[in-house]
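Understanding the architecture of this molecule
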Amino acid sequence: MDVVKEKDAQLKKMAEDLKRKEDEIAQQTKDFQAQRKNIETDANKALKSQEEKFEEKQRKQLESSKADLIASEQIPLLVGKKQFLIPRELLTSDSCPSNDLTRIIKGEKDFEIRNGFVQLDCNPDLFQILLDYLENPDLDLPDDSETLDSLTKLADKLNVPDLKEKCEKQKILNSAGILGSVIHLEKGENVADVTSKTTKIVVSLVVSLNSDWLTNASVVSHYNVFHRLSRHLKRHFCFVYIPENNLDQFLRWEFFQSGQKIHSLEFQDRTAFKETQGDKFVYVRHPKEGATDESNRLTKTIPETFLSLMTNLKLSNGDKTMIFDIKWWYQNILDN
């Protein structure tokens, strides 16, 4: 019996020791988990602190970059994939209409920056028109309604209310048929009726050629030049065709501004007509050869006359590049 009791006592002691060790292991595990949690908490705090410091540093760097960007004399813009450099004085001048670009450089509106450029998500061609308008609010807008609709949306997006209103007015003029490429006057109508409805320079082609008489190819060249120019230059000029059916044979270009005739060019050489063509032909000089009236012409040829007139107009950079390229005139306008 004593042996049995002794063994039971030993087993009980072993069980108690095992239980005590299990409790110690459990406590150690609990302590370890608590310690790990504290370490993880401290690490997370340190990591979060580092992330916050990094983000704050980035934010300050971004703010500094933005501040430097809008403080420069030339504001770099990335519009779509096209880069622009906008003079600061253009956007801060008193004559510049209200717009978000001005608010951006004044620090009144936030903006996105990409590779050192102010980023705008819009069509660069439409933006160029808007930019031209900001530079010169009196600049004529495109005539086609589709472009005007898109420009209206852009004006609304960039908060240019004056441009939006002007687009709406332009649409009304378009629907009234005032701004077509070429206006054909009917009998009894006067070019003064047109000049009173537009601020553009009005260009009229007055033709008086009896249909019973034959004409040379130069007359056709004048027609072609007139209609081609009406397509290319309709933003700045309004083109009016005036047929006359009297016995005087002539072909004349006339220019009006604010209701006043500012210039005229007559393309007839009566001497050549009488001496070389007799009574059957009207001789009209080609547009390249210039007018016959030496005392009343700005320049010698049609292109030079238009270029002379345009030097007094405030044109966009895009217009200047296209319009003042002499090769463009002679190769694409006058080659018939």
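Throughout what follows, the structure given in this document is the object of discussion.

Reading guide: rules and limits
- Residues numbered from 1 in each chain as written.
- Predicted model: local features only at pLDDT ≥ 70, side-chain atom pairs only at ≥ 80, totals over all residues.
- Heavy atoms only, no water.
- Helix = DSSP H or I, 4+ residues; strand = E, 2+ residues; numbered from the N terminus.
- Buried < 20%, exposed > 50% of the residue type's maximum accessible area, 1.4 Å probe, protein only.
- Contact = heavy atoms within 4.5 Å.
- Areas by Shrake-Rupley, 256 points an atom, 1.4 Å probe, with all protein chains shown as cover.
- Core = buried A, V, L, I, M, F, W, Y, C linked by side-chain atoms within 4.5 Å.
- Pairing = 2+ DSSP bridges.
- Axes fitted to C-alpha atoms, helices over the stretch in contact; angles between N-to-C directions.
- Expected span 1.5 Å × (residues − 1).
- Polar contact = N/O pair within 3.5 Å; in protein donor to acceptor, adjacent residues only side chain to side chain.
- 1 Å grid on protein atoms, 1.4 Å probe; cavity = no way out; pocket = protein on both sides within 12 Å on 5 of 7 lines; lining within 4 Å.
- Points joined across faces, edges and corners; volume = space filled by probe spheres on them.
- Nonpolar A, V, L, I, M, F, W, Y, C, P; charged D, E, K, R; others polar.
- Phe/Tyr/Trp six-rings, centres within 6.5 Å; stacked < 30°, edge-to-face > 60°.
- Parallel < 35°, antiparallel > 145°, perpendicular 65-115°, else oblique.
- Salt bridge = Lys/Arg side-chain N within 4 Å of Asp/Glu carboxyl O.

1. Concerning the overall build of the chain
Along the backbone of the chain there are twelve helices and eleven strands. The 336 residues of the chain split such that 38% are buried. Expressed as a percentage of contacts within the chain between residues at least 6 apart in sequence, the contacts between residues at least 24 apart total 67%. Within the structure as shown, the chain displays about 20500 Å² of accessible surface, and the carbon and sulfur contribution to it stands at 49%.

2. Details of the nonpolar core
Among the nonpolar cores identified, the biggest contains 33 residues, and Leu77, Phe127, Leu130 and Leu163 are the most heavily contacted of them. By residue number, the principal contributor to this core is helix H4 (residues 124-135), which donates seven residues. Apart from residues lying up to four places away in sequence, Leu77 is in contact with Lys82, Gln83, Phe84, Ile86, Leu101, Phe117, Val118, Leu120 and Phe127. Listed in part, the 30 residues of the second largest apolar core include Val182, Phe306, Leu307 and Leu315.

3. Looking at the pairing of strand E10 (residues 260-266)
With six bridges connecting them, strand E9 (residues 250-257) and E10 associate as antiparallel partners. Among the inter-strand pairings, Trp253 is bridged to a residue of E10, identified as Leu265. As consecutive antiparallel partners, E9 and E10 are separated by two residues, and within that stretch Ser258 has a phi angle of approximately 55 degrees, a positive value.

4. So, the side chain of Ser204
Relative to the elements of secondary structure, Ser204 occurs in strand E6 (residues 201-208). Among residues more than four places away in sequence, those in contact with Ser204 are Val191, Phe226, Val240, Ile242, Arg252, Trp253, Glu254 and Phe256.

5. Concerning the sheet that holds strand E1 (residues 74-79)
Ordered in space as E2-E1-E4-E3, the four strands form an open sheet in which the pairing is mixed. Of all strands in the sheet, those bounded by a partner on one side alone are strand E2 (82-87) and strand E3 (112-114). Neighbour-to-neighbour, the strand axes of this sheet turn through a mean angle of 40 degrees, independent of strand direction. In the sheet, E3 pairs with strand E4 (residues 117-120) via three bridges, with the strands oriented antiparallel. Paired with Ile113 across the two strands is Val118, which belongs to E4. Contacts from H4 reach E1, E2 and E4, with the element oriented near 10 degrees to E2.

6. As for H4
For H4, spanning twelve residues, the distance from its first C-alpha to its last is 16 Å, which sits close to the expected 16 Å at 1.5 Å a residue. For H4, a buried count of nine out of twelve residues is recorded, marking the element as mostly surrounded by other parts of the structure. Restricting attention to buried positions, one finds in H4 the residues Leu126, Phe127, Gln128, Ile129, Leu130, Leu131, Asp132, Tyr133 and Leu134. Taking the backbone nitrogen of Asp125 as reference, a side-chain oxygen 2.8 Å away marks Asn123 as the first, capping residue of H4.

7. Quick notes on empty space enclosed by the protein
If you walk through the whole model with that rule in mind, you get two cavities of 30 Å³ or more. Residue assignment for the lining of the largest cavity shows that the elements contributing at least two residues are E1 and helix H3 (100-105). Per element, the largest residue contribution to the lining of the largest cavity is three residues, and it comes from H3. The residue makeup of the lining of the largest cavity, split by class, is seven nonpolar, no polar and no charged. By volume, the second largest cavity amounts to about 30 Å³.

8. Section: the sheet that holds strand E5 (residues 182-184)
Strand order in the open sheet made by the five strands is E5-E8-E6-E9-E10, with mixed pairing throughout. Each of the sheet's edge strands pairs with one partner strand only, and the pair in question is E5 and E10. Across the sheet, the mean angle from the axis of one strand to that of its neighbour is 25 degrees, orientation sign disregarded.

9. Here we look at the packing of aromatic side chains
Within the structure shown, the criterion is met by nine aromatic pairs. Ring centres of Phe237 and Phe306 lie 5.0 Å apart, and the angle between their planes is 70 degrees; this geometry places the pair in the edge-to-face category. Here the residue Phe237 occupies a position in strand E8 (residues 237-244), and Phe306 occupies one in helix H10 (residues 302-310), the gap between them amounting to 69 residues. Classification of Phe237 by relative accessible area gives buried; the value is 1%. Exposure remark for Phe306: the relative accessible area of 0% places this residue in the buried category. Taken together, Phe226, Phe237, Phe239, Trp253, Phe255 and Phe306 form an aromatic cluster joined through their ring pairs.

10. Section: the packing of H4 against helix H5 (residues 145-157)
The interhelical angle for the contact between H4 and H5, taken along N-to-C directions, is 70 degrees, at an axis separation of 10 Å. Our classification of the angle between H4 and H5 gives roughly perpendicular. For the pair formed by H4 and H5, the contact residues are Leu126, Phe127, Ile129 and Leu130 on the first element and Thr147, Ser150, Leu151, Leu154 and Ala155 on the second. When its residues are assigned to classes, the contact of H4 with H5 shows seven nonpolar, two polar and no charged.

11. Brief notes about the pattern of salt bridges
Counted according to the given criterion, the structure contains five salt bridges. Note that Asp156 is salt-bridged to Lys164, the shortest N-O span being 3.4 Å. One salt bridge in this structure joins Lys261 and Glu254, with 2.9 Å as the shortest N-O distance. For Glu254, a relative accessible area of 7% puts it in the buried group.

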